[in-house]
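Close look at the chain arrangement
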Amino acid sequence: MKFGVLIFPGSNCEHDAYHAVRKVLQQPAEFIWHQSTDLKDCQAIIVPGGFSYGDYLRTGAIARFSPVMGAVRRFADRGGLVLGICNGFQILLESGLLPGAMLRNRGLKYVCQQVSIRVENARTPFTGLAREGDVWTIPIGHMEGNYTLDSESLHTLETNRQVVFRYCTPNPNGSVANVAGICNPRGNVLGMMPHPERASEPLLGSEDGMLLFQSMIHASQSADDT
């Protein structure tokens, strides 16, 4: 499965994501600069973490206007897999690819720690090799991870099973309903604050994040077989 990893000015996790899919999982991968509209025939796009455009205005508020995001939107509309991690999640929210918004963490401090997240929906391309109720240990590192949306929209998320991951350690940022990751109604766009690419090797303290990338590869192979 060929992965494309976006790079914005201020990205700082693109090499981590590239390493996880290219070096650990031995999958083809390419970097894609934010001014490009060529997604290089990739089958999955990763919008990585970092501080795109220095987080000026709001996290992701400027990155949403980068030419590459128009291409990502068209890719997602065709059913392509899009994974937004941390700042990537924030960019997907600002781009309208996912509902809701991010606020400053409840404690108004940057949080960087290992957390436990529970798989709430194992019927997505990102969790197909997991089981509902599985708990993964994955690190977070963010200042604006306090996910919020109105009560009616939250009810819609819950009804449609768009909440894919929840924190099951004490809520580290104040996120509504302990939300750690959500998908779009179609299930092909996922945004999450924890960093699965930082849980990809034993040296990092956890390999749980690999199950997410392996699920994406499995979903792609299954689609090719049908």
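Parameters at a glance
- Residues numbered from 1 in each chain as written.
- Predicted model: local features only at pLDDT ≥ 70, side-chain atom pairs only at ≥ 80, totals over all residues.
- Heavy atoms only, no water.
- Pairing = 2+ DSSP bridges.
- Helix = DSSP H or I, 4+ residues; strand = E, 2+ residues; numbered from the N terminus.
- Axes fitted to C-alpha atoms, helices over the stretch in contact; angles between N-to-C directions.
- Contact = heavy atoms within 4.5 Å.
- Buried < 20%, exposed > 50% of the residue type's maximum accessible area, 1.4 Å probe, protein only.
- Lys, Arg positive; Asp, Glu negative; His and termini not counted.
- Salt bridge = Lys/Arg side-chain N within 4 Å of Asp/Glu carboxyl O.
- Core = buried A, V, L, I, M, F, W, Y, C linked by side-chain atoms within 4.5 Å.
- Disulfide = S-S within 2.5 Å.

- The name given to the protein in an unreviewed UniProt entry is Phosphoribosylformylglycinamidine synthase subunit PurQ, with Geodia barretti as the source organism.

Quick notes on the sheet that holds strand S4 (residues 81–85)
- Read across the open sheet, the nine strands follow the order S2-S1-S3-S4-S11-S10-S9-S6-S7; overall the sheet is mixed. The sheet terminates laterally at strand S2 (29–33) and strand S7 (135–142), the two strands that pair on one side only. In this sheet, neighbouring strand axes are inclined to one another by 25 degrees on average, regardless of whether the strands run parallel or antiparallel.
- Of the strand pairs in this sheet, strand S3 (residues 44–47) and S4 are connected by four bridges, and their pairing is parallel. What sits directly across from Ala44, in S4, is Leu81.
- Strand contacts of helix H5 (residues 210–225): strand S1 (3–7), S3, S4, S7, strand S9 (163–167) and strand S11 (189–192), with the helix running at about 165 degrees to S4, the strand carrying the most contacts.

Topic: the side chain of Asp55
- Looking at the secondary structure, you find Asp55 in the loop between S3 and helix H2 (67–77).
- Notably, Asp55 is buried but unbridged: the nearest opposite-charge side chain belongs to Arg104, and the N-O separation is 7.7 Å.
- Setting aside anything within four residues of it in sequence, one finds Asp55 in contact with Asn87 and Glu144.

Digging into the environment of Thr37
- One can find Thr37 in the loop between S2 and S3.
- Linking Thr37 and Ile91, residues 54 residues apart in sequence, is a C-alpha distance of 16 Å.
- Thr37 has contacts with Pro67 and Ala71, leaving out every residue within four places of it along the chain.

Let's talk about the pattern of salt bridges
- For the structure shown, the criterion picks out ten salt bridges.
- Here Glu30 makes a salt bridge to Lys40, at a shortest N to O gap of 3.4 Å. Taken together, the residues Glu30 in strand S2 and Lys40 in the loop between S2 and S3 connect sequence positions ten residues apart.
- Judged by relative accessible area, which is 29%, Glu30 ranks as partly exposed.
- Judged by relative accessible area, which is 27%, Lys40 ranks as partly exposed.
- Note that Glu120 and Arg118 form a salt bridge whose closest N and O atoms lie 2.6 Å from each other.
- Three or more residues are tied together by salt bridges with common partners; here these are Arg118, Glu120, Glu158 and Arg166.

What about the nonpolar core?
- Of all hydrophobic cores here, the largest spans 69 residues; its most connected members are Phe3, Leu83, Phe165, Leu212, Phe213 and Met216.
- Ranked by residue count, the leading element in this core is H2, at six residues.
- Filtering out sequence-adjacent residues up to four positions away, Met216 remains in contact with Met1, Phe3, Ala44, Leu81, Leu83, Pro125 and Phe126.

Describing the pairing of S9
- The element S9 is extensively covered by neighbouring structure, given that five of its five residues are classed as buried.
- With three bridges joining them, strand S6 (residues 111–119) and S9 adopt antiparallel strand pairing. Across the sheet, Arg118 pairs through a bridge with Arg166, a residue of S9.
- Pairing analysis gives three bridges linking S9 to strand S10 (residues 179–183), with the strands arranged antiparallel. Bridging across to S10, Phe165 finds its partner in Gly181.

Focus: the state of the cysteines
- Within this structure, the stated rule accounts for zero disulfides.
- Left unpaired, Cys13 is separated from the closest cysteine sulfur, that of Cys86, by 6.7 Å.
- Residue classification places Cys13 among the buried residues on the basis of a relative accessible area of 1%.
- Not part of a disulfide, Cys183 finds its nearest cysteine sulfur in Cys168, a span of 18 Å.

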